[in-house]
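Listed below, chain by chain, are the residues.
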Amino acid sequence: MVIFDEINDGVGFCLEGLTETELEFVRGRITEQYLSRIGQLQPDLVPIARERGIARYHTLPTTFDHGKSWPKATRLLDPKYVADFARMGFFRRIQSQFGPSAIISHDELNWRLVRPNQPSDIGPMHADKWFWDAGYGYGSMPAGYDRFKIWIAIHTEPGANGLCVKPASHRQEWKHHFEDKDGVRKPVFDENPDAIETELLPLAAGKMVMFHDELLHGGVVNRGSTCRVSIELTVLFDRNDALARAASLREEMTAVA
Ligand SMILES: [Fe+2]
C-alpha cells in the first residue's frame, strides 16, 4: 500500500493501528489528564472517576457544566509525548514511505470525549483544511510542506460511534464560509449535511484512520452505552520528497506484482 496514493487519490483515507502496548500508553496519558481536570472541576469525584474509567464518565454524579468544562486546552496532551507517538509502529511505517521529513505536529495532540446520546457533543461536518485556512489556533506550516490528519479510536463501540467520512470528498469543492464567534474565526459548512452520504468507519479501540486534509468528516451522535474517546494528530511532510518517494514505491510495487 502506498499511503501517499491512498490519501491523495482514491477514497482519501486509509487505515492503520496501534499495538496493545501503544494503546495502553495512550490511554494512560489521556486518563492522567482527564483525572487531573476532574480534580480541578470537582475534586471529590477523582477516586470514583479513576475506578470507573473515562469511558464511563457520563455515569459520574457531576455538578459542573460539561459543555463549558472541557475547552481544547484541557484536552491537549503535553507536546513532550509527540516523541512517544513518533516511536510507534504506525509512524515508523509512515516515515519509511514519506521519508525523514515526516513529523508529528507539536501543536495538535488533542483528544475528545463524546457522551452517549448527546447531540451537542458532536461538531458539524468539515474539512480540516478550513480550520487551517481560518488560522484557528493551529500551528504554521513549514514552506514546501503538506499535511494529513490521523484519528485514533481510544474507546469506541464500532458501528455505534466513531468518525464518519465522505469517501473521495477531498476531490470536490464544498461550500463553506468563515464566521467570527467569540473572537475566533471558524468555518461554517454551507451545504445540507443530511443530503451527503457518509460512512461511519467501524474502528475498534487502537485502530486509526489517516486522511486527506480536505476530506469531509465529522463525529456522529454516540449511540453506544459508553463514552467515545479518540485522539487526533497531524503529520507534516515535505511535499516534493514525499512525491518522489511515492513514485519509486509505486514502481517497486508494480515490479513485484
Ligand atoms: Fe476534523
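Report on the accompanying structure. (Residues numbered from 1 in each chain as written. Predicted model: local features only at pLDDT ≥ 70, side-chain atom pairs only at ≥ 80, totals over all residues.)

Scanning the protein chain for helices and strands turns up eight helices and 10 strands. Taking 2.2 N^0.38 as the reference for a compact globule, 257 residues should give roughly 18 Å; the C-alpha atoms of the protein chain span a radius of gyration of 19 Å, in line with that estimate. Projected onto its principal axes, the C-alpha coordinates of the protein chain cover approximately 60 × 40 × 35 Å. A burial count over the protein chain gives 31% of its 257 residues as buried. Sequence separation of 24 or more characterises 82% of the internal contacts of the protein chain that already satisfy a separation of 6 or more. (Helix = DSSP H or I, 4+ residues; strand = E, 2+ residues; numbered from the N terminus. Rg over C-alpha atoms; globule rule 2.2 N^0.38 Å. Buried ≥ 20, exposed ≤ 12 C-beta atoms within 10 Å, placed from the backbone. Contact = placed C-beta atoms within 7 Å.)

Sheet architecture is open: three strands sit in the order β7-β4-β9, paired in antiparallel fashion. With one partner strand each, in any of the chains shown, β7 (199–200) and β9 (217–219) form the two edges of the open sheet. The sheet contact formed by strand β4 (residues 163–165) and β7 spans two bridges and is antiparallel. Within β7, the residue paired with V165 across the bridge is E199. (Pairing = 2+ DSSP bridges.)

Judged by nonpolar contacts, the single largest core of 52 residues is most densely connected at I154, V209 and M210. Of all elements in the fold, only α1 (3–8), α2 (20–41), α6 (89–98), β2 (103–114), β3 (145–155), β4, β8 (207–212) and β10 (228–238) reach the threshold of two or more residues within this core. Other than its neighbours up to four places away in sequence, V209 contacts F13, L15, W151, L163, L201 and L203. (Core = buried A, V, L, I, M, F, W, Y, C linked by C-beta atoms within 7 Å.)

Across its 22 residues, α2 extends 31 Å between first and last C-alpha, which sits within 8% of the 32 Å expected from 1.5 Å per residue. Listing the buried residues of α2 in full gives V26, R27, I30, Y34 and I38. One side of α2 holds all its buried residues, which, seen down the axis, span an arc of 110°. Set apart from the buried face of α2 by more than 90 degrees, the exposed residues are T21, E24, G28, E32, S36 and Q40. Close packing links the buried residues of α2 with α3 (46–52), β2, β3 and β10. (Expected span 1.5 Å × (residues − 1). Arc of directions from axis to C-beta.)

Either a parallel or an antiparallel arrangement is found when strands of a sheet pair, and the pairing is made through backbone hydrogen bonds. Spatial ordering of the open sheet is given by β1-β8-β3-β10-β2, a layout of five strands whose pairing is antiparallel. One side of each edge strand has no neighbouring strand; the edge strands of this open sheet are β1 (13–17) and β2. If you compare each strand with its neighbour and ignore which way they point, the axes differ by 25° on average. Bridging between β2 and β10 involves eight bridges; their strand directions are antiparallel. Looking at the pairing, V114 lines up with R228 of β10. Most of the contacts of helix α8 (residues 239–256) go to β10, to which it runs at about 90°, and overall it touches β3 and β10. (Axes fitted to C-alpha atoms, helices over the stretch in contact; angles between N-to-C directions.)

A large share of β3 lies buried, amounting to nine of its 11 residues. With 10 bridges joining them, β3 and β10 adopt antiparallel strand pairing. By the bridge assignment for β10, Y145 is matched with D238. The pairing of β3 with β8 spans five bridges and is classified as antiparallel. Residue pairing for β8: W151 is matched across the bridge by V209.

A few words now on the environment of H176. Here H176 lies in strand β5 (residues 176–181). For H176, a count of 18 C-beta atoms within 10 Å corresponds to the partly exposed category. Measuring from C-alpha to C-alpha, the distance between H176 and V229 comes to 28 Å, with 53 residues separating the pair along the chain. If sequence neighbours within four positions are ignored, H176 has contacts with W130, P187, V188, F189 and D190.

The next point concerns the environment of L23. Mapped onto the elements of the fold, L23 is located in helix α2. Distance from L23 to I152, taken between C-alpha atoms, is 9.5 Å for residues 129 residues apart in sequence. If sequence neighbours within four positions are ignored, L23 has contacts with L18, A205 and G206.

Turning to the environment of V221, a few remarks are in order. Structurally, V221 can be placed in the loop between β9 and β10. With 15 residues separating them in the primary sequence, V221 and L236 have C-alpha atoms 30 Å apart. Leaving out residues up to four positions away in the same chain, V221 has contacts with N117, P119 and I122.

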